[in-house]
Amino acid sequence: MRTELVSEPGLADHPNEDFASVGLPASGQGGSLVVLDGVTPPRSETGCLHSVPWFTARLGGALTELTVSLPDVPLAEALSRAISRTSAAHAETCDLSHPRTPQATVVLARWSPASVEYLVLSDSALLVETADGTVTPVLDDRLARLPRSALATDALVDAHYRNKEGGFFTAAADPSVAARAVTGALPRSEVRTLAALTDGAGRWVEKFREGDWADFLALVRKQGARALVDRVRELERADAAGSRTHLGRSKTHDDATVAYAEL
């Protein structure tokens, strides 16, 4: 088995809000990938004393433990338990009902000798390569389906779309959000490679159009995840104004994370 993790902050002087892990149980019979993309808060009040990196470390650590130690617990239930555990860690000091309480996108994948399970919540992605070389992105596209006018201001998003029906969902303080995730399972024999990534790395496809998801996976396999992230940084620097991208971008540089596993 080959695994690789690369996670780089968008700015050298700013904490990385992403989280990534590979969990390999002592039995050697399976494993898991966990990738979170912490949602950068606005400059206004969030109701919480804690930073986004604090939140993603807590939630990601809980998910890494639960996905490995409880292999019979479905991934949605593992996410629900991890959110509950993280919320309990700061419920007495913070207003968890605030729409901007720390939160994150989630990608989980777990494999056993029999199957490969997956879960995606919000706009990070999971790439699944099957035995015949076909690469399929597993996406939660609810945010992408919203009209750009719906995302005009933070206040508009928070009031009408963030963790609301008709909008999009992230892992924040409410464990019931786990039921909103995109989930599924495939026979282990049908899956050759997995790659979980945050949208900062996904810019290679979604913003800069350097290739499709199969090209993305081929680059990571051949040159490594570091080469992929380095190329994204080159593209960002060359297009600081965002004129080349078809959708624009809110940040010149974003945290970029790739977790890769050949099964």
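Look above for the structure.
Residues numbered from 1 in each chain as written. Predicted model: local features only at pLDDT ≥ 70, side-chain atom pairs only at ≥ 80, totals over all residues. Heavy atoms only, no water.

1. Description of the sheet that holds strand E1 (residues 2-8)
To keep things clear, this is the line we draw: Strand pairing is assigned whenever DSSP detects at least two bridges linking the two strands. Secondary structure follows DSSP: runs of H or I at least 4 residues long count as helices, runs of E at least 2 residues long count as strands, and numbering of each begins at the N terminus. For every element, the axis is a line fit to its C-alpha atoms; helices are fit only across the contacting stretch, and the angle between N-to-C directions ranges from 0 to 180 degrees. Any two residues whose heavy atoms approach within 4.5 Å at even a single point are treated as in contact.
Across the sheet, five strands lie side by side as E1-E10-E9-E6-E7; this open sheet has antiparallel pairing. Because the sheet does not close on itself, it has two edges, and the strands there are E1 and strand E7 (135-139). Each adjacent strand pair in this sheet contributes to an overall mean axis angle of 15°, direction not counted. Where E1 meets strand E10 (residues 256-262), seven bridges bridge the pair, whose relative direction is antiparallel. Note that in E10 the partner of Ser7 across the bridge is Thr257. Strands in contact with helix H6 (residues 213-223) are E1, strand E6 (125-130), E7, strand E9 (191-197) and E10; relative to E9, the strand with the most contacts, it is inclined by about 95°. With respect to the sheet, helix H7 (residues 225-238) is in contact with E1 and E10, its orientation differing from that of E1 by roughly 25°.

2. Points about unusual backbone geometry
Its identity is not glycine, yet Ser122 carries a phi of approximately 75°, on the positive side. Within the fold, Ser122 resides in the loop between strand E5 (115-121) and E6.

3. Section: the pattern of salt bridges
Spelled out, the test is: We define a salt bridge as a contact between a side-chain nitrogen of Lys or Arg and a carboxyl oxygen of Asp or Glu at a distance within 4 Å. Each residue is assigned to one of three classes by its accessible area relative to the maximum for its type, calculated with a 1.4 Å probe on protein chains only: buried under 20%, partly exposed between the two thresholds, exposed over 50%.
Counted according to the given criterion, the structure contains 21 salt bridges. Where Arg226 meets Glu8, a salt bridge forms, and the shortest distance between an N and an O atom there is 2.7 Å. Of the two residues, Arg226 sits in helix H7 while Glu8 sits in strand E1, which places them 218 residues apart along the sequence. Arg226 sits in the partly exposed class, given a relative accessible area of 34%.

4. Overview of the nonpolar core
Put simply, the rule reads: The term nonpolar core refers to a set of buried residues drawn from Ala, Val, Leu, Ile, Met, Phe, Trp, Tyr and Cys, joined through side-chain atoms within 4.5 Å.
With 24 residues, the main nonpolar core has Leu36, Leu59, Leu63, Leu79, Val106 and Leu121 as its most contacted residues. Secondary-structure elements contributing two or more residues to this core are strand E3 (31-38), helix H1 (52-69), helix H2 (75-90), strand E4 (104-111) and E5. If near-sequence neighbours (up to four positions away) are discounted, Val106 is found in contact with Val35, Leu36, Leu63, Leu79, Leu119, Val120, Leu121 and Ala171. In this structure, Val135, Trp204, Val220 and Val229 belong to the second largest nonpolar core, which totals 23 residues.

5. Points about the sheet that holds strand E2 (residues 18-23)
A sheet is described by the order of its strands in space; here five strands give the open sequence E2-E3-E4-E5-E8, paired in antiparallel fashion. Each edge of the open sheet carries a strand with a single partner, namely E2 and strand E8 (182-187). Each strand axis lies, on average, 5° off the axis of its neighbour in the sheet, ignoring direction. Examined bridge by bridge, E4 and E5 share six bridges and lie antiparallel to one another. Within E5, the position partnered with Arg110 by the bridge is Glu117. Packed on one face of the sheet, H1 meets E2, E3 and E4 and runs near 165° to E3. The sheet strands contacting H2 are E4 and E5, and the helix crosses E5 at an angle near 45°.

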